[in-house]
Structure formats: structure tokens, C-alpha cells
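# Commentary on secondary and tertiary structure
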Amino acid sequence: MPRAPDGRAFMPTPVTSSAPGKVILLGEHAVVFGEPAIAVAINKRTRVKVTDGEGDVSRVNGFPLSKQYHVHLALAVERLAPGEVVDLVTESQVVSAAGTGSSAALTVAVVHALLRRAGKLVPGDEETVAREAYEIEWLAQNGRGSPTDTSVATHGHGVIVAEEAFDELLWTVKKGPRRWRLHHLDLPPMTLVVGNTHERGRTMEQVAKVGRFVKQSGFGREIIRDLGVATRQGLVALASGDAIALGDAMDRAQNGLETLGVSTRKLERACAAARDAGALGAKLTGSGGGGSMIALVQGDPLPIAKAINRTGCSVFVTALGVEGVRAEDKR
Ligand code: PMV
């Protein structure tokens, strides 16, 4: 059994783990003001393979690991394999900068693999992975961002993030004055089409814009409250498996997000095309200003996927809620 410099036994390498991307089903932006949000794992995953390295420097996909280019991976190695040389190979189906949680999927997968390699993970302990991955995201983003993406990439399925308590608490995360409660959410078998506009939305810009609007106007605060109502309607619809009501909640949320100014023409064209082709509801997902949209489908997703694609988006189909982080090797 190989040993770490401190004599600890760790797993013979390679160790491979994978974690899913996510979409926000309901509640983006409103969650910044204390309303709940629902995030769901998607069937696009990121895999990270960790092997003992040779030579003096750790590598990622053959290149020297650098904080400048691979900040999440470099922080993970610094924290979980200090003083060691490792080779990382990453493989991702999660498109980056599309609002589908690519950095969280990568961070959660590498944290899971490194913790297992160090013999520091009790099987089934999701909380340790989610907390460590959030610390890394938080450091990488200079103290911004919520634990939503890292929690859903770890836990999979659906996750409710809220200040208030719901059933099935997973963990609570505190950072300075902020506190988030993360909860498991059961999801009925439903299908989403995800459309990527390839317009690059910047989360911080969109959050700042909404912040100004809400600070300056009572109307802004009303919209945030209405987005909260849409999310709660969505939760009721999910609990009863009512896809039509969930679609209505998504349309209501898209209206609010348009009024907040975070939608774009391309997102709106894609949503309209999806509804015309029979989607039960459609909305942007994540911070907006570009990025991706989602459409809720009953039956064959192909006509809706094609309609969204014709507006210039690349598309994929996902079931609602998939498995979270997992080992990809038999151990
Ligand atoms: O664009 P994404 O997927 O990172 O989502 C951002 C969600 C916001 O509510 C806009 C911001 C946040 O921190 O919750």
C-alpha cells in the first residue's frame, strides 16, 4: 500500500470520481434575497482521474498544474494532497460558462477522488465532500457564490437551497453573515431540454444589476417575492408530480426574470419556440444575460429539442435529477 509523506496509507492510484452538472429549475436571483431556489442534477458529468505523479510537478492533462489556469484543481491538490505530486486527467461533458455548473462538477469530482485516495472518506459521506468543494469554490471566486452548485453536484437529485428550513435537511453552510440550508428534494420522473445560447452571461454582473433594481424600487422587490411564489408553486407541483403546474411555475418565473432584466432576446426566442413546440414551460436557468434555458417536456422531447436548436442553441435532453458524485472505479 503506498504511503503519503506523513506515513498515512492511501489508496493505490488511479482513483477516478465523477460528478454531475446542474441547472436551476426555479429561484435564481430571488435566492440572493432569501427566497428558496431549486437546483437539479443533470445527466452530464465531469470525471477526474488521479494517479501518483512522477517528477517534481503535478500535472493536469499532461500540463503543469497551475493556479492561474486550473485554480479549482490546484486548490484541491494543495489542500488534500499537500506536498505530493499527482497527475490529474479530466474529462467533462459539462459545457463551461453555460450556467450548467461545470466548475462545481469538476471541483466535487476532484475532491471526492483526492479524499478517497487519502483514505479520508467514509463511503456515503456527502457532507465532507460538499463542504470541502464549497471552500474551494469560495476561495477560487474570492469569497463570492453560494454552496448551491457544489451541494447539488455532490448530492445529485434535487436540492432546495433556502434560508428557512424545509424537510430533509442535508447540511447548513455559513459564510460571514450568510447562511444557507441545503435540503434533499425528491423529483418525479420528468424530462428537460436544455438549450445553450452560447451568449456569455456573467453571474456577478447580473447579480449586481438585479441588486441595484431591487434596492431602488418597490417594484423590484415585488418581482423577487413573485419569483419566490413561483418556486413554492413549483415545489407543490413536484411533490404531486403535476408537470403542468410545474411548467406554469417556470413560465411565471421567466416573466419575472425578464422584468428583472436578466433575460436576452435569444433566451426568449428559445423559450417561445419550446412552448410553441409543446413544452409545458420554459425559462432561462442560472444568472441569465445569456447562458442556458430549460424547457419542461411531457412525452417525446425531440420536437422541442429541434425547435430550440432552430433558434441557434445547442441542446441536450436530461432526466430531472440524477445520481450525485460517485466513484468510477471498483473498490
Ligand atoms: O449562473 P449560475 O448557474 O451560477 O447561477 C447563479 C444563480 C444566482 O441566483 C443568479 C446567483 C446565486 O449566487 O445564487
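Use the structure listed above.
Note that the structure is predicted; figures quoted are calculated from it, not measured. (Residues numbered from 1 in each chain as written. Predicted model: local features only at pLDDT ≥ 70, side-chain atom pairs only at ≥ 80, totals over all residues. Heavy atoms only, no water.)

### Overview of the pairing of strand β10 (residues 281–285)
Of all five residues in β10, five are buried; the element is thus mostly enclosed. The pairing of β10 with strand β11 (residues 292–297) spans five bridges and is classified as antiparallel. Residue pairing in the sheet places G281 in a bridge with L296 of β11. Linkage of β10 to β11, two consecutive antiparallel strands, is achieved through a turn of six residues, within which G286 is found at a positive phi near 90°. (Buried < 20%, exposed > 50% of the residue type's maximum accessible area, 1.4 Å probe, protein only. Helix = DSSP H or I, 4+ residues; strand = E, 2+ residues; numbered from the N terminus. Pairing = 2+ DSSP bridges.)

### Observations regarding the pairing of β11
The element β11 is largely enclosed, with a buried count of six among its six residues. Of the two faces of β11, both are covered, the one formed by S292, I294 and L296 as well as the one formed by M293, A295 and V297. Note that strand β9 (residues 191–196) and β11 share six bridges and pair antiparallel. Bridge pairing in β11 links V193 to A295.

### So, the site of the ligand
Close to the ligand lie K22, I24, E28, H29, V31, V32, G99, T203, V207, G286 and S287. The side chain of K22 places a nitrogen or oxygen atom 2.8 Å from an oxygen atom of the ligand. Burial of the ligand by the surrounding chains reaches 83%, relative to a free accessible area of 380 Å². Elements with a minimum of two residues in the shell around the ligand: β1 (15–26) and α5 (203–216). Looking at the shell around the ligand residue by residue, the class counts come to four nonpolar, five polar and two charged. (Near = heavy atom within 4 Å. Polar contact = N/O pair within 3.5 Å; in protein donor to acceptor, adjacent residues only side chain to side chain. Areas by Shrake-Rupley, 256 points an atom, 1.4 Å probe, with all protein chains shown as cover. Nonpolar A, V, L, I, M, F, W, Y, C, P; charged D, E, K, R; others polar.)

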